[in-house]
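Structure assessment
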Amino acid sequence: MIEAALERRVVVCCGAGGVGKTTVSAAVALELARRGRRAAVVTIDPARRLADALGMAGLGDEPTEADGAALRAAGAPASGQLWALQLDAKATFDRLVARYAPDEEVRERILANRIYQHLSGAVAGSQEYMAVERLHELLEDGRFDHIVLDTPPAENALDFLDAPERMTRFVGGKALRVLTAPAEDSAWLGRRALAAGTSAVMAVLRRVTGAELLDDIAEFLSSFEGMYAGFAERAGEVRSLLTSDEAAFLVVAAPEEEPAAAAVELVRRLEEDGFPFAGIVLNRVHRLPPGAPRDVDDLARRLDALGAPRAPALAAAVLEALEDARAVAIRDLDLREGLAAAAGGPAAAVIPALEREPVDVAGLAEVAGALVSPSVSAKRGPIASLG
Amino acid sequence: MAASNAPRQRGAAPVSSGPTLTSQHAIDPPLAERRLCFVLGKGGVGKSTVSAALGIAYARQGHRTLLLEVAGRDRLSRLLDRADASTEPTVVGEGLYAATIDPEEATEEYLRGQLPVRAIADVLAGSKTFRTFTQAAPGLKEMVTLGKIWSYAVELRPDQEAPEWDRLVVDAPATGHAVALLETAANVREIAQGGPIHEQAERIREVISHPAATGIAVVARPDELPVSEALDAIDRLRAAELPVAAAILNCITPRRFSDEDVAALESARALVNGSERGAIDAALAESRRAAREARHARDLEGGGVPVIRLPLLARGAGRLAGLEELASAVTDGLSQRAGVA
Ligand SMILES: Nc1ncnc2c1ncn2[C@@H]1O[C@H](COP(=O)(O)OP(=O)(O)O)[C@@H](O)[C@H]1O
Ligand SMILES: Nc1ncnc2c1ncn2[C@@H]1O[C@H](COP(=O)(O)OP(=O)(O)O)[C@@H](O)[C@H]1O
Ligand SMILES: [Mg+2]
Ligand SMILES: [Mg+2]
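Residues numbered from 1 in each chain as written. Chains lettered and ligands numbered in written order. Predicted model: local features only at pLDDT ≥ 70, side-chain atom pairs only at ≥ 80, totals over all residues. Heavy atoms only, no water.

1. Thoughts on helix α10 (residues 259-269) of chain B
Applicable threshold: Relative accessibility thresholds used throughout: buried, under 20% of the residue-type maximum; exposed, over 50%; partly exposed, between the two (1.4 Å probe, protein chains only). Only DSSP runs of H or I with at least four residues qualify as helices, and only runs of E with at least two residues qualify as strands; both kinds are numbered from the N terminus onward. Note that the arc is computed from the directions linking the helix axis to the C-beta atoms. Here a residue-residue contact requires only that any non-hydrogen atoms of the pair lie within 4.5 Å.
When we look at burial in α10(B), the residues that qualify are Asp261(B), Val262(B), Ala264(B), Leu265(B) and Ala268(B). Along the long axis of α10(B), the arc covered by the buried residues comes to 165°, so they all point the same way. Exposed side of α10(B), more than 90 degrees from the buried face: Asp259(B) and Glu260(B) are the residues found there. The secondary structure elements touched by the buried residues of α10(B) are α16 (296-305) and α17 (311-343) of chain A together with α11 (275-301) of chain B.

Shown next, in the form of structure tokens:
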């Protein structure tokens, strides 16, 4: 059960790739809407089908509200509001620049800059930064009681928390001031008694990159002059919100070796860095089918009596299918126990592997139902440390 | 001889045996004939597992094969029982080697290759300013990683007669990041107009976008969302002029029951109970799943690239026996001819 997390203003769903972060984020928002709240889910990489289910017109960067009638028709009536949007890193970055540019001319210069265009759209890492920036915008927006944040599929699931710092360090860091100084002001180097090391760095860098590239970078960075403080401040605000009791982090895990190990590591890092960890959501757990019938021949005879072709072979195949299904479920159980032991408590929620992939509202409602089902929370998990 | 990113290599290995012009899709060689393979796909679909299986399959065919992964995700090394995840190629099987790419180390190595005077490189490597720059500069990590992969691909044997590696398999990051990684060469070429970086980026871009040299394999699971995402990825790669060679459908449920079988099981179900009914239910659930998967597989085939199918291993793929089994399935899949779009 993840009740405590549902009271928080920001719910972050993190975890390894493919475990179900996007699905769980959408289900959390759906559940909040069901409870009468105004919830917005920021999805990172929704498949078109899921976006359709959430009523997102053309995977927009702007929040769109899911149609209440459609939710009701799908068996998930909401007395609140369900909003969804897809993160568009480039559009978000453009707005950030517009917000902090001192004037129109600087803004246009940055937006038109070749390096900026590649940096804002294509470079890995900008998406992580912009997820945090977008969160800031939505918190200011005022239309939402809750924001559920799906996280980018980073190598390290927490990369996105460090991304603003990394990016601001690049556009405004002291190191770069040194590197770009010659282009801004050729007297700069002469005026200061620079360590020999630094001038060697400059000389070498020019040689490696070619002078032109270095000048372009310098021009690009100098256009950010004066905006850096604003960037850093915003990133700092989000970070303090995310470490406060207004936020909750759910770690989504799947009962597979890799994702389970990643989840344990993630829990450790969240706790170490002071982020409010609200529990593990173990997704896609297979149900354990009953044991095999004692007598295969008996099954074969029955099938034969029904006129089934190749009855003995069919009976054997049925048992193989059963054995495989049991093997999968038993592996899930083992990993579930291993995860509980390593994470210091049972999962806050266990969601079954659904036969029909949850790509529509009805499927998401089923996931939401499992998320808040009290049955698994008999023992108090890590959620107890929340609130 | 350690590979280096230095552009002044003594001569590059021929990256292709085919025509040097960008060939049309219809005459592109199948994945198996391309020396450099990038395995990418959504998180958790089985990229590392498939990379290992592909490497084993190539090595079995007698190719001297190098598996590459990027530092930080030493999944591949763990799968192969490679204790140290070393950045030097180490042997992991007959004809099969693996190496981890550490972008920081590769950056330093790159600089050393660029700079004739060792002392200068030392100053740079030891400089805090420089370290801050390399860690923060967006795109640099990707560029250096790609450069390192490229340098392995063009590395020659000591006798200069043949490439050091017959096949290279890269366990790439999740789709979004992997596409960004592959696009870095073209991006950097644009950003640095002229100068040594521009030229290096162009050399790298030439190799990774050449369909006779490089093949991208997009891995998917046979579910609706993963398949639609794989199709999007294929479109995106094509739009970026990156050579998609195959889709790999991983974790396919075995097809044990014919329609006739299913009909018989459905009528039998009503007549039994207890564990027999449980067994029949499991069989019917499996056959429903297999039927759904077959639909998603057809959708994936609509992507216009050959689809290689790999079975779901009920007992997991994190074991050597599992990898060997998948490698055999890869070998079967590779022998299909491409170009049936
Ligand atoms: N409980 C579940 N049962 C069955 N399929 C699921 C379940 N949860 C997620 N999926 C499917 O698993 C895949 C990965 O889920 P997704 O939410 O996209 O993961 P992530 O965002 O972490 O990459 C999708 O195809 C999704 O439809
Ligand atoms: N064919 C398969 N059968 C069964 N399990 C598989 C198969 N392929 C991958 N897996 C399992 O799926 C999980 C994710 O695989 P992995 O290769 O780590 O994915 P990725 O590198 O894409 O994140 C692992 O636990 C792995 O053992
Ligand atoms: Mg997702
Ligand atoms: Mg992997």
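2. A closer look at the site of ligand 2
Note the threshold: Consider each residue's heavy atoms; a residue with any of them within 4 Å of a molecule or strand counts as near. Any N or O atom pair separated by 3.5 Å or less is treated as a polar contact, with the protein-specific requirement of one donor-capable and one acceptor-capable atom, and with residues adjacent in sequence counted only for side-chain atom pairs. Accessible surface area values rest on a Shrake-Rupley calculation with a 1.4 Å probe, where residue burial reflects the displayed protein chains alone.
The full set close to ligand 2 counts 19 residues, and Lys47(B), Ser48(B), Thr49(B), Asn250(B) and Leu313(B) are the nearest of them. The local environment of ligand 2 is shared, drawing residues from chains A and B. Contact between ligand 2 and Gly46(B): an oxygen atom at 2.9 Å from a main-chain N or O atom of the residue. Within the contact set of ligand 2, an oxygen atom lies 2.5 Å away from a side-chain nitrogen or oxygen of Thr49(B). Starting from 560 Å² of accessible surface for ligand 2 in isolation, the protein chains cover 92%. Those elements that place two or more of their residues in the shell around ligand 2 are α15 (257-272) of chain A together with α1 (47-60) and β7 (244-252) of chain B. A per-element tally of the shell around ligand 2 places α1(B) first, with three residues.

3. Focus on the packing of aromatic side chains
All names here are of chain A. This is how it is decided: Stacked, edge-to-face and tilted are the three classes for Phe, Tyr and Trp ring pairs, Trp counted by its six-membered ring, which pair at centre distances within 6.5 Å; planes under 30 degrees apart are stacked, over 60 edge-to-face, the rest tilted.
Overall, the coordinates contain five aromatic pairs over all chains when judged by the stated rule. Considering the side-chain rings of Trp83 and Phe144, the 5.5 Å spacing of their centres and the 75° angle between planes classify their relative orientation as edge-to-face. Of this pair, Trp83 sits in strand β4 (residues 81-86) while Phe144 sits in the loop between α8 (126-141) and β5 (146-150), placing them 61 residues apart in sequence. Of the residues examined, Trp83 reaches a relative accessible area of 11% and is grouped as buried. On the basis of relative accessibility, which here comes to 8%, the residue Phe144 falls in the buried class. A ring pair is formed by Phe249 and Phe275, whose centres lie 5.2 Å apart and whose planes are at 50°; its orientation type is tilted. Of this pair, Phe249 sits in strand β6 (residues 247-253) while Phe275 sits in the loop between α15 and β7 (277-285), placing them 26 residues apart in sequence.

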